[in-house]
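Here are the chains, one letter per residue:
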Amino acid sequence: MELTGAQALIKSLEMEGVEVVFGLPGGAILPVYDPLLDSSIRHVLVRHEQGAGHAAEGYAQVTGRPGVAMVTSGPGATNIVTPLMDAMMDSVPLVVVSGQVPTTAIGTDAFQETAITSITMGITKHNWLVTDPADLPRVVAEAFHVATSGRPGPVLVDVPKDVSNARTSWYWPSADDLDLPGYRLPRAPEPGLVRRAAELLLGAERPVLYVGGGVIKAEASEALRRLVDLSGAPVVTTLMARGAFPDDDPRCLGMPGMHGTWTATTAMQRADLLVALGSRFDDRVTGKVATFAPGAKVVHVDVDPAEIGKVRRADVGIVADCKVAIEALCEALEELGSTPEGRARPGTPAASRPDLGPWHAQLAKWRQAHPLRYEQTQGGPLKPQFVVETLRELSPPDTVVVTGVGQHQMWASQYWRFAEPRTWVTSGGAGTMGFAVPAALGAKVGRPDRTVWAIDGDGCFQMTAQELVTATAERIPVKVAILNNAYLGMVRQWQELFYEERYSEVYLSPDLPDYVQWAEAMGCRAFRVESPEEVAPTIEKANEIDDRPVVIDFRTDAFEKVYPMVPAGASNDEIIEGPAQGEGGR
Amino acid sequence: MSTSATVHGGSRHHILSVLVENKAGVLARVASLFSRRGYNIFSLAVAPTDDERFSRLTIVVDVESAPLEQIIRQLDKLVNVVQISELAPEAAIERELLLATVRAEGPARVEVATLVAIFQGSVIDVGPDQVTVAVTGTPEALDSAEDLLRPFGIVELQRTGRVALPRLGARRRLTPVADRSA
Ligand SMILES: Cc1ncc(C[n+]2csc(CCOP(=O)(O)OP(=O)(O)O)c2C)c(N)n1
Ligand SMILES: [Mg+2]
C-alpha cells in the first residue's frame, strides 16, 4: 500500500492506539493535518503550543498512557520546549511530533526553521529527525517504546515537510524491527539484593518507606499496600507520589520535605532505614544532603540505574521496575516469615524482628503535637487551606486535582486527602507556572468520567488561562479554583521570610484582571468568593455544572504562608512551623 | 567497580571507550550530556569501527569533576550509546599523534631530527627556517617530546587526544557497563 509520509505518520499513531492529539497546525506540519481529518484520532486545538504539551502531560498522568502533541516548526516547536522539560523532570511519557522545513532547506535559515532536535536534546529522553519517509512507522514505534518503557519520559519526532509529502509503502514494524541497539531495559531484580533489602527491613527499628512518583508510574500501589502490610513500615509520599498510598491510612505520614508534614520529614530524619521506592532524593525532599536522615541505611529501588547513588549512597541498590521489585520484596518478606496480618510465623527471622510498636507510638505522638494547622475565623480573611479542605469535602472522592506552582500547590498537596493514584497532577521537578489549566484540560480528556478540579494561583492562571477557550470550544468541562491572593505568593513568602519583607515585583492585584469577566469571556461559568460562608455553596454550584468549564475566583488572605517550611539549603532538622494557633497568620 | 586512574597533568583521568551508533548528532548528544551535567572532557577522539553502523569514542574524563560511576550511568542512558567500557590505563594500549612546527635553522634542524627520531617520529615538512614533525606515542611520551621541542621554539602544535584498546590478554579487565551491578 502506497501512502504519503503524512498518512503513514497518522496511521502509525493509530497503530499505537492514540485516541487524542493536542496541537496547533502551521506551515511545516500542514501535510500531516490533512490525513488527520480522515482519522479516528481526536484533535484538540489548543490556543498556544505550551498548552498542547501540558495537556498531553495531564492526559498521560491520569491515564498512564503516553500523551501526544503536534506542533509546527520554529516557534511552534520552541513553544513546546517548556512542557518537554517539565515532562523530563517528572518522567512523563510524552510524544511530540513537530513539523520541520524540507530537508533541502535545513541549514539555510529557512522560514520557521529551528534545530529543535538540538534544542531539545537535553530535555527529551530521545529525539529523532526523520529524513526518509520509509523510516516513519519504525521511528514512531521506537518513539512510543522509548517514551513509555523503563523510566518514562518525553520524546520528540521532527518531520520535515518533504518527508511527510513524499510517498512510501506502508508497513508496521514488529518489536524486532526496532533499531535501538543502545536502549536497554532493566532486568528482573537480583534475588540476592532483594533478600538483603528484606533482611534490612526486618532488622530495622525505625523504617520508613520513602515513596516517589515511580510507584505511580509503575502502577505499583497495590504492591505497595502489600509491602506496608508485610513490613509494618510507615509511608511518606513525595509531591510526585501523592495518592500512591491513601492518606487516610494511619501508616501514611503524608508528604516529606520543604513543605512536608512535620512528622513525615522528621520520621525520615530519625529513621534507621529508608526504603526509597521510585524516589530520587530530590533537594526539596532532603534539604541539606549532608544532614539528611543521618542514621538511616538506604535501600534504593529505581528503574533508572543513574538514580542509585546519585545523591545518597545506597546500602542496597536495586535497579528494576518498582512494581516488580516491590512484589519481589514482598515475596522475600513472606519467605522470611512475615504475614500480611503483621504476625510473624514462629521460628522464622520475622519472629525475632524488633517491635515496631514504639516507632508507631512515637509517630502518633508527633502527629498529635505537630499537625498541619491554620485558623479560619468567622468574618476573617478567607484562608486558602479552608478552600482546599472544603473543595475536598464537597467533591467526589475520586476527583482529579491539578495544580499550578506556588503556595496554592503546596496547600493543595497538604490539605487534599488522596485516596488513589493518578488523581493528582502537578509540576514537581520543574515547577512550571501555568501548568494547571492546560494539564487539567488534558486530564479531563483522559478521564471524562471524573470531576477535574484545577487549584491554581492567580499568577499561574494568567500564564495559560487562554486554554479555557479550548476547553469551552471542545466541551471539556474542567473546573478551576483560583486561590487569588493578589501576589506571586510563594516568592512573596520568601521575600517576607528571607529578605526582610523587601517585596520586589511580587504584587499582582486582586482584580486586575477581573477573573470573573475574563472567564465568562472565555465561555466559562464564573463566580467570585470573598468570605468563608460563600465557599461551600459556590463549590456546590460549580460541582453541578457539567456542560462547560467553571472558574471560581477565591479572594484569599494575601498574608498566609505555607508551613511547615524548611528553608532552602537548611537541614531537615530545622523545620519552621509558623505562628502558633491564635497568634494570627501574619 | 574499579577506580583505576592515571595521574596526568596533575589530576585523575579515566579512559572510557564508548561504542555509539553512527548517526547524525550522536557526538553532540555526548558532548551536551557532559556539559549539562558539569563533567569535564579532557580529550576526545572519534573514529569509525569495522562495523559501519557504529563509531567509537575514546573519552578521557577528568574525574575530579564528578564520580565516574555517575558519568558512566548517565552516558549509558543515551539511546545511541551502545556500550561503554572503562579501560584501566595499565590494561590499555594508548596512542596519540602529535604534529608540531618548530623553529629550526642551520644546526638546529639536525638536532630536531635527531630528537624526533628518538621518539620514533619523523620530520614531515621542511621550510627555510622551520620544520614540521610528527610523533606517535603514549600521551606521556608525547608530553616529553613536547617538553624537549619547546626550547627550539614551537610555532604551532596539535595533538589528537588518545585512542586506546585493551591489551591482549587483559580483555577481561574491560568492564562493560551493562554488567555492573548497582
Ligand atoms: C514559569 C515560572 N516562572 C517563575 C517561577 C517562580 N515562581 C514560583 S512560585 C511563583 C509564584 C506563583 O504565583 P501564583 O500563581 O499566584 O501562586 P501563589 O504562590 O500565590 O499561590 C513564582 C513566580 C516559576 N516557578 N515558573
Ligand atoms: Mg498568587
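Residues numbered from 1 in each chain as written. Chains lettered and ligands numbered in written order. Predicted model: local features only at pLDDT ≥ 70, side-chain atom pairs only at ≥ 80, totals over all residues. Heavy atoms only, no water.

**What about the site of ligand 1?**
Residue and element names in this part refer to chain A.
No. 1: The environment of ligand 1 is made up of 16 residues, and the closest members are Gln-407, Gly-431, Asp-458, Cys-460 and Gly-489.
No. 2: Here an oxygen atom of ligand 1 and a backbone polar atom of Gly-459 are 2.9 Å apart.
No. 3: In isolation ligand 1 exposes 590 Å². Once the protein is present, 76% of that is buried.
No. 4: Among the secondary structure elements, those contributing two or more residues to the shell around ligand 1 are helix 17 (407-415), helix 19 (458-464) and helix 21 (489-498).
No. 5: Classifying every residue of the shell around ligand 1 gives 7 nonpolar, 8 polar and 1 charged. (Near = heavy atom within 4 Å. Polar contact = N/O pair within 3.5 Å; in protein donor to acceptor, adjacent residues only side chain to side chain. Areas by Shrake-Rupley, 256 points an atom, 1.4 Å probe, with all protein chains shown as cover. Helix = DSSP H or I, 4+ residues; strand = E, 2+ residues; numbered from the N terminus. Nonpolar A, V, L, I, M, F, W, Y, C, P; charged D, E, K, R; others polar.)

**Here's the deal with the UniProt feature "domain: Thiamine pyrophosphate enzyme central" (unreviewed entry) in chain A**
No. 1: Annotation from UniProt places "domain: Thiamine pyrophosphate enzyme central" (unreviewed entry) at residues 194-329 of chain A.
No. 2: End-to-end, the C-alpha atoms of residues 194-329 of chain A are 6 Å apart, and along that stretch the chain is 35% helix and 17% strand. (UniProt positions renumbered as here; feature names shortened; annotations may be inferred.)

**Side note on the interface of chain A and chain B**
No. 1: If you look at the interface, chain A gives 22 residues, while chain B gives 21 residues.
No. 2: Taken together, the two surfaces of chain A and chain B that pack against each other cover about 1,700 Å², and 50% of this comes from carbon and sulfur.
No. 3: Our enumeration of links across chain A and chain B arrives at 3 salt bridges.
No. 4: The partner of Asp-76 of chain B in a salt bridge is Arg-184 of chain A, and the shortest N-O contact between them spans 2.6 Å.
No. 5: Our count for the contact surface shared by chain A and chain B stands at 8 residue pairs in polar contact (both at pLDDT 80 or more).
No. 6: For the side of chain A that touches chain B, the secondary structure elements donating two or more residues are strand 6 (126-129) and strand 13 (316-319) of chain A.
No. 7: Split by residue class, the side of chain A that touches chain B holds 9 nonpolar, 5 polar and 8 charged. (Contact = heavy atoms within 4.5 Å. Buried area = accessible area lost by both parts, 1.4 Å probe. Salt bridge = Lys/Arg side-chain N within 4 Å of Asp/Glu carboxyl O.)

**Comments concerning the sheet that holds strand 19 (residues 550-555) of chain A**
Residues and elements named next belong to chain A.
No. 1: The parallel open sheet is built from 6 strands, whose spatial order is 15-14-16-17-19-18. Both outer strands of the open sheet, strand 15 (424-425) and strand 18 (525-529), are each paired with one neighbouring strand and no more.
No. 2: Sheet analysis places strand 17 (residues 479-484) next to strand 19, joined by 6 bridges and oriented parallel. The residue bridging Val-480 from the neighbouring strand is Val-551, located in strand 19. (Pairing = 2+ DSSP bridges.)

**Here we look at the pattern of salt bridges**
Any two side chains of opposite charge can pair, on the condition that their charged atoms come close.
No. 1: Scanning the entire structure with this criterion turns up 44 salt bridges over all chains.
No. 2: Among the salt bridges present, the one from Arg-138 of chain A reaches Asp-135 of chain A, with a minimum N-O distance of 3.4 Å.
No. 3: Overall, Arg-138 of chain A belongs to the buried group, its relative accessible area being 18%.
No. 4: Here Asp-229 of chain A and Arg-251 of chain A are joined by a salt bridge, their closest N and O atoms 2.9 Å apart. In this pair, Asp-229 of chain A is assigned in helix 11 (residues 221-231) and Arg-251 of chain A in the loop between strand 10 (235-237) and helix 12 (262-270), connecting sequence segments 22 residues apart.
No. 5: The exposure class assigned to Asp-229 of chain A is partly exposed, which follows from its relative accessible area of 24%.
No. 6: When its relative accessible area of 21% is taken as the criterion, Arg-251 of chain A is described as partly exposed.
No. 7: A cluster of three or more residues bridged by salt bridges with shared partners is formed by Glu-96, Asp-143, Glu-146, Asp-147, Arg-150 and Arg-159 of chain B. (Buried < 20%, exposed > 50% of the residue type's maximum accessible area, 1.4 Å probe, protein only.)

**Considering the domain arrangement of chain A**
Many structure descriptions define interface size as the accessible area lost when the parts assemble.
Residue and element names in this part refer to chain A.
No. 1: Considered domain by domain, chain A is made up of domain 1 (2-177), domain 2 (191-369) and domain 3 (384-562).
No. 2: Just the C-alpha atoms count here: the centres of domain 1 and domain 2 sit 38 Å apart.
No. 3: The interface of domain 1 with domain 2 comprises 8 residues on the first partner and 7 residues on the second.
No. 4: Regarding the contact of domain 1 and domain 2, the summed buried area is about 620 Å², with carbon and sulfur atoms giving 53% of it.
No. 5: The tally of links from domain 1 across to domain 2 stands at 2 salt bridges.
No. 6: Of the charged contacts in the structure, one is a salt bridge between Arg-151 and Glu-307, with a shortest N-O distance of 2.8 Å. (Domains from an automatic or database assignment.)

**Re the pairing of strand 10 (residues 163-166) of chain B**
Residue and element names in this part refer to chain B.
No. 1: Burial along strand 10 is one-sided: Ala-164 and Pro-166 are buried, and none of Val-163 and Leu-165, which face the opposite way, are.
No. 2: Across 4 bridges, the pairing between strand 6 (residues 92-103) and strand 10 is antiparallel. Across the sheet, the residue bridging to Ile-93 is Leu-165, located in strand 10.

**A few points about the sheet that holds strand 2 (residues 20-23) of chain A**
Residues and elements named next belong to chain A.
No. 1: Taken in spatial order, the 6 strands line up as 3-2-4-5-7-6 in an open sheet, and their pairing is parallel. Pairing within the sheet leaves two strands with one partner each, and these edge strands are strand 3 (42-45) and strand 6. On average, each strand axis in the sheet is tilted by 20° relative to the strand beside it, whichever way the strands run.
No. 2: Set on the sheet, helix 3 (residues 49-63) makes contact with strand 2, strand 4 (67-71) and strand 5 (94-100); between it and strand 4 the angle comes to about 165°. (Axes fitted to C-alpha atoms, helices over the stretch in contact; angles between N-to-C directions.)

**Details of the nonpolar core**
Residue and element names in this part refer to chain A.
No. 1: By size, the foremost hydrophobic cluster in this structure holds 51 residues, and its most contacted members are Phe-22, Val-96, Val-402, Phe-461, Leu-468 and Val-480.
No. 2: The element that contributes the greatest number of residues to this core is helix 18 (residues 436-446), accounting for 7 residues.
No. 3: For Val-480, the residues in contact, after removing those within four places along its chain, are Val-437, Trp-453, Ala-454, Asp-456, Phe-461, Leu-468, Val-550, Val-551 and Ile-552.
No. 4: With 41 residues, the next largest nonpolar core counts Ala-198, Ala-218, Leu-227 and Ala-325 among its residues. (Core = buried A, V, L, I, M, F, W, Y, C linked by side-chain atoms within 4.5 Å.)

**A look at the domain arrangement of chain B**
Residue and element names in this part refer to chain B.
No. 1: Domain annotation for chain B reports domain 1 (13-91 + 174-179) and domain 2 (93-163).
No. 2: A separation of 29 Å is found between the C-alpha centroids of domain 1 and domain 2.
No. 3: Listed per partner, the contact involves 9 residues of domain 1 and 6 residues of domain 2.
No. 4: Per-residue buried area on domain 1 facing domain 2 is highest for Ile-15, Ala-45 and Thr-58; these three make up 47% of the total on that side.
No. 5: The interface formed by domain 1 and domain 2 holds 0 salt bridges in total.
No. 6: Inspection of the domain 1/domain 2 interface yields 0 residue pairs in polar contact (both at pLDDT 80 or more).

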